Each structure stands twice: as structure tokens, then as C-alpha cells.
Amino acid sequence: MRRITPDRPWPLHGNAGSRALEARTAAALPPNALMQRAGLSVARLALALAPHAQRFWLACGPGNNGGDGLEAALHLARWGKQPLVSWLGDAGRLPPDAQAALQRVRAAGIALADAPPGAHDFAIDALLGLGSARPLEGRMAEWAERMNSGGTPVLAVDLPSGLSADTGRGGGVRATHTLSLLTLKPGLFTGGGRDAAGEIWFDDLGADLAAEPPAARLIPQPGVMARPHDSHKGRFGDVAVVGGAPGMGGAALLAASAALHAGAGRVFCALLGEPMPLVPGQPELMLRDWASLDLAAMAVACGCGGGDAVRAVLPRVLSTARALVLDADALNAVAADAALHPLLAARPARGWSTVLTPHPLEAARLLGAATQAVQADRLASAQALADRFRCVAVLKGSGTVVAAPGQVPWINPTGTAALATGGTGDVLAGLLAARLAAGQDAFEAAGQGVFLHGAAADRWPVGHSLTAGALAKALSPRASDQAGIRQGC
Ligand SMILES: NC(=O)C1=CN([C@@H]2O[C@H](COP(=O)(O)OP(=O)(O)OC[C@H]3O[C@@H](n4cnc5c(N)ncnc54)[C@H](OP(=O)(O)O)[C@@H]3O)[C@@H](O)[C@H]2O)[C@@H](O)CC1
Ligand SMILES: [K+]
């Protein structure tokens with residue numbers, strides 16, 4: 001068992017993959033052994049998290065997730081703790097493993113209540129796991145609410161009850177800790193999962209994770225990009241930011257600043273609005289008329305504050321820039337104008353890379369869907385975008401998803417709600433362009449870029465508000481790789 005940190009590309013398995021691994025692992029063990037391992041693991045973690053707690057409330061549901069809770073109760077009782085078991089099951093309908101656990105609990109003389117205890121020191125949520133099929137209601141919803149408002153730590157077994165393992169939708173329990181069993185589930189890391197799961201721990205219970213293809217992977221912390229001493233600015237590539245329609249120059253300048261701080265050799269900025277002779281505080285930026293830029297020789301970030309003006313430049317951008325990040329208004333223009341789609345679709349055959357960085361509303365426009373539908377399955381939505389436009393798609397939001405045709409998608413473990421402020425998306429676009437300019441593969445650049453963008457927010461000093469301008473300046477190809485990334489996800 002271990003706490004999850006972004007030290008490797010952790011494989012994430014959804015419901016079907018987890019079920020397949022469960023069956024495979026259980027088949028190689030004596031009856032009930034897998035659930036007994038699960039229960040022991042839960043009890044161990046509960047004790048480690050709250051060594052001085054006495055009254056452990058175990059809220060156990062009607063399936064095998066409840067069975068894990070019952071097995072945990074046995075261990076807590078053996079260790080001299082007071083397990084307070086509330087059980088919602090029907091003995092006649094229990095699956096066999098949970099049935100065996102129930103008999104063992106009864107044989108040990110542990111009482112089963114049909115209501116929560118009056119008081120407890122620690123709660124264990126074993127109401128629902130992979131079998132969660134509909135919103136919580138009735139007593140289950142009441143017990144979940146009791147855990148949420150109980151003022152004690154809440155350890156969720158496998159998943160916070162009600163949360164979809166595949167999508168991070170739904171939910172009822174808001175845990176302080178989750179112990180994911182057998183597999184790590186993508187739903188813990190995206191959508192509502194991050195808020196529902198708390199700190200994530202994992203025990204594979206002896207499963208061979210490599211036996212089942214993952215639905216996604218967690219982006220690991222990128223390695224240090226060391227710069228040879230014998231370097232010059234040409235080695236790290238040029239970035240051109242094209243955007244900044246009248247009144248929206250700030251977005252383009254934020255992207256340009258991010259590209260500079262993320263290590264681009266030279267950064268050009270083409271404002272589609274009023275010409276600006278010099279950017280105060282940023283003399284390194286080279287302002288140019290967009291028509292004079294040699295887009296074929298640069299990584300281009302297009303759309304930041306582009307307004308309607310960006311529509312006119314997109315045909316040339318799409319048909320000349322070899323490495324391209326499309327953001328904001330460029331994405332809206334693509335969504336609104338099908339004539340641009342063939343230009344986008346022609347890029348991969350020329351060996352050119354494209355990264356789209358939509359937030360959920362922009363993704364919905366591109367897919368011709370409702371925002372709720374995009375958010376209902378963020379992994380599938382990002383993959384649909386990548387496949388439709390044959391590009392790398394970065395679907396921003398809680399647990400940003402990075403997808404590309406034929407690749408296992410990434411989910412980003414870094415970032416906080418502090419990023420929910422104007423301009424941070426422009427900063428990401430500039431950062432990604434800098435990594436493309438350095439010659440990184442687009443899928444890798446996007447994954448590492450979103451990680452570093454989130455990590456910069458994670459290490460933001462407490463008490464200092466995060467602004468996009470300051471975030472751009474906090475980026476550095478080396479410092480952001482090395483500095484203390486927040487441990488845990
Ligand atoms: N087998 C093993 O050895 C191991 C199993 N493991 C554990 O098993 C878990 C999966 O167990 P599971 O398949 O029994 O599903 P689980 O989440 O307990 O729920 C199913 C029950 O809930 C019910 N139900 C559903 N939604 C509901 C709702 N909203 N409100 C009320 N009821 C609702 C549903 O009823 P139904 O929908 O059929 O009417 C059914 O009765 C997995 O997450 C892991 O913890 C691992 O530890 C490894 C070892
Ligand atoms: K649970």
C-alpha cells in the first residue's frame with residue numbers, strides 16, 4: 001500500500017478493466033482471500049491515519065464494497081479498537097465474498113446496526129464501490145451526509161460512494177482519504193473525483209496491473225531538461241504568439257510571457273489589435289506585424305485574445321505553422337467555420353503537430369455537444385476531439401485530460417482551483433508552444449506542459465493570490481521541473 005504521488009505514469013483502470021483484473025486475481029487465490037486482503041489493507045490505513053482513534057464507524061453497503069468494510073471491522077476489533085458497524089445489506093442477496101465476511105463478523109460477535117452510531121472518531125465509507133449504479137438516496141444518502149458533516153476523517157474504500165470509476169461523475173461521500181483497491185480508477189483524478197476522493201492511497205492486492213490495458217495514465221513529474229552549457233538561443237526555438245485583438249492584447253502578452261519564462265529561445269508577438277511599440281516590463285518580447293512572421297520556422301500559439309480577428313489569420317496559420325497550439329478564440333473560430341476543418345485535418349499528413357487547448361465550453365462547441373455532455377465523460381470527450389481533429393487535445397478543468405489518436409490518454413495530477421482565474425489558459429498555451437519550439441513531441445509536450453503549469457500553482461505561496469501574469473513568471477524549464485511539487489494528488 002502506498003500514497004499516490006506523480007512519481008511514475010500510474011496506469012488507471014476503469015470499471016471494466018478493474019472487474020477483469022479482480023476476476024483474474026481472485027481466480028488465482030483461495031476463496032474470499034482477495035476480500036480479506038482488501039479488509040486488512042483498509043484497517044491498516046485507518047489505523048495509520050488515526051492511531052489514537054477508538055470508535056471506527058464502518059458504513060457498509062449491500063455489495064462487496066460493504067464486504068471490504070466488514071473484513072476491516074474484524075481487524076480493528078482484533079487490534080483493540082471499537083468497530084461500530086452500520087450495515088445496509090440484505091443477507092439473502094449478498095454476493096458470496098460479502099456473505100462470507102458477514103458470517104465472520106457475526107461469528108466474532110461484532111454487532112451490526114441499521115443506523116449510524118451516536119458518535120465516532122473516524123469513518124470508513126464502504127457503502128458503494130465499483131457497483132454504484134445510480135444516485136444515492138434514502139438511508140444511503142443520509143449516511144453519506146452523516147459522514148460528510150461528521151467532522152472526522154473519512155476513509156473511502158475503493159471509491160467515494162456514488163462516484164463513477166470511469167468518469168468521476170456522481171458522488172455522495174466526500175472523503176478525506178481514498179484507498180483504491182486492485183486498480184487506480186480514472187474517476188478519482190478527473191471531473192468531481194478530485195474533490196470527492198481527498199488524498200489517494202493504493203493497494204494492488206497482488207494484481208498484475210500490466211495484464212489489463214489501462215484506460216488512462218497519470219502524468220508523471222517530468223524529468224529535468226538540462227541545458228548544455230554550450231547553448232545559444234537558436235537551440236530552444238522560436239515562438240510566435242498570434243492573438244490580442246483590439247482590447248484583448250493582455251491575453252497574447254500573457255502567452256508570450258509564459259513562452260519566454262518556459263524557456264523559448266526567442267518570442268515574437270503579433271497583436272491583431274492596436275500596435276504597441278514596447279511591452280512595459282517585458283523588453284525581451286519582439287512585437288511584429290503578423291504578416292511578417294515566418295510561421296513555418298516557429299512554434300505558434302494562436303487565439304489568445306484573438307476575438308473575431310483571428311478568423312482571418314487562421315487559414316494561413318493552419319497551412320504554414322508546423323507546430324501549433326490553438327487556444328480560445330481560435331478554437332471558437334474552428335468550431336464555427338467548417339471550412340477550416342480540412343486545413344486542420346491536412347496537418348498530420350505533412351508531419352505537422354497541433355495541440356488544441358479547450359476548456360469544457362470550447363470543447364463542447366468543437367464537438368457540437370452540450371458542456372454537460374463533455375463533462376459527463378471527460379476522457380471520452382478529449383479522445384473524441386483528438387480523433388475528430390487528428391491532433392493532441394488538452395481538455396482543461398479539474399484533472400486535465402490530454403488525448404491523441406492511438407494513445408492512452410493522460411490525466412494530470414497537478415493543479416488547484418487557484419488556476420480558475422482569467423489568463424491562466426493563455427499562460428498554458430504559451431508554455432506548450434515553448435515546449436513545441438524546443439522540439440518536443442506534441443503529446444509529450446502537452447502532458448508535461450499541463451503538469452508543470454499545475455505544479456507551478458501547487459507550490460504557490462499560501463496567502464498570495466495567484467494571477468496569470470505572476471504564474472507566467474513563475475515558470476521556468478528547470479525550476480519548475482525541480483522545485484517541490486506538491487506530493488500527493
Ligand atoms: N469480490 C472481491 O473479492 C473483491 C471486491 N472488491 C470490492 O468490491 C467492490 C465491488 O463490489 P460490487 O460489485 O458488489 O459492487 P458494490 O459497489 O458493493 O455495490 C453493489 C451493490 O450496491 C447496490 N447499489 C448500487 N447503487 C446503489 C445505490 N445508489 N443505492 C443503493 N444501492 C445501490 C447494488 O444493487 P443493485 O443495483 O443490484 O440493485 C448492489 O447490491 C469494489 O468496489 C471493491 O470495493 C475489492 O475489494 C476486491 C475484492
Ligand atoms: K466506498
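Note that the coordinates shown come from a computational prediction; the quantities given were computed from them, not determined experimentally. (Residues numbered from 1 in each chain as written. Chains lettered and ligands numbered in written order. Predicted model: local features only at pLDDT ≥ 70, side-chain atom pairs only at ≥ 80, totals over all residues. Heavy atoms only, no water.)

**Observations regarding the sheet that holds strand β9 (residues 199-203)**
Whether parallel or antiparallel, the strands of a sheet pair through hydrogen bonds between backbone atoms. With mixed pairing, 8 strands are arranged side by side in an open sheet as β1-β9-β8-β7-β6-β3-β4-β5. Edge positions in the sheet fall to β1 (2-3) and β5 (112-113), since each has one partner strand and no second. Pairing of strand β3 (residues 55-60) with strand β6 (residues 122-126), which is carried by 5 bridges, proceeds in the parallel orientation. Paired with Leu 58 across the two strands is Ile 124, which belongs to β6. In the packing of helix α5 (residues 138-148) onto the sheet, contacts are made with β3, β4 (82-87), β6 and β7 (154-157), and the angle to β3 comes to roughly 150°. (Pairing = 2+ DSSP bridges. Helix = DSSP H or I, 4+ residues; strand = E, 2+ residues; numbered from the N terminus. Contact = heavy atoms within 4.5 Å. Axes fitted to C-alpha atoms, helices over the stretch in contact; angles between N-to-C directions.)

**Structural notes on the sheet that holds strand β12 (residues 266-271)**
Spatial strand order, β2-β10-β19-β18-β17-β16-β15-β14-β11-β12-β13: 11 strands in an open sheet with mixed pairing. Two strands in the sheet have a free side with no partner beyond their single neighbour: β2 (11-12) and β13 (286-287). Two strands pair when backbone bridges link them, and strand β15 (residues 323-326) and strand β16 (residues 353-356) are joined in this way by 4 bridges, in the parallel orientation. Bridge pairing in β16 places Leu 326 opposite Leu 356. Across the sheet, helix α7 (residues 249-261) is in contact with β11 (238-243), β12 and β13; its angle to β12 comes to roughly 170°.

**Some remarks on the pattern of salt bridges**
According to the stated counting rule, one finds 10 salt bridges in the structure shown. For Asp 7, the salt bridge is made with Arg 8, and the minimal N-O distance between the two is 3.5 Å. (Salt bridge = Lys/Arg side-chain N within 4 Å of Asp/Glu carboxyl O.)

**Notes on the coordination of the potassium ion (ligand 2)**
Around the potassium ion (ligand 2), the protein supplies Asn 65 (OD1), Asp 125 (O), Leu 128 (O), Val 157 (O), Leu 159 (O) and Ser 161 (OG) as donor atoms, at distances of 2.6 to 3.1 Å. Taken in sequence order, the residues that donate to the potassium ion (ligand 2) follow the motif N-x59-D-x2-L-x28-V-x1-L-x1-S. Here Asn 65, found in helix α3 (residues 64-78), pairs with Leu 128, found in the loop between β6 and α5; they are 63 residues apart in sequence, far enough to count as distant. Comparing Asn 65 with Leu 128 shows no difference in burial state: the two are buried. (Donors = N, O, S within 2.8 Å, 3.2 Å for Na, K, Ca; no water. Buried < 20%, exposed > 50% of the residue type's maximum accessible area, 1.4 Å probe, protein only.)

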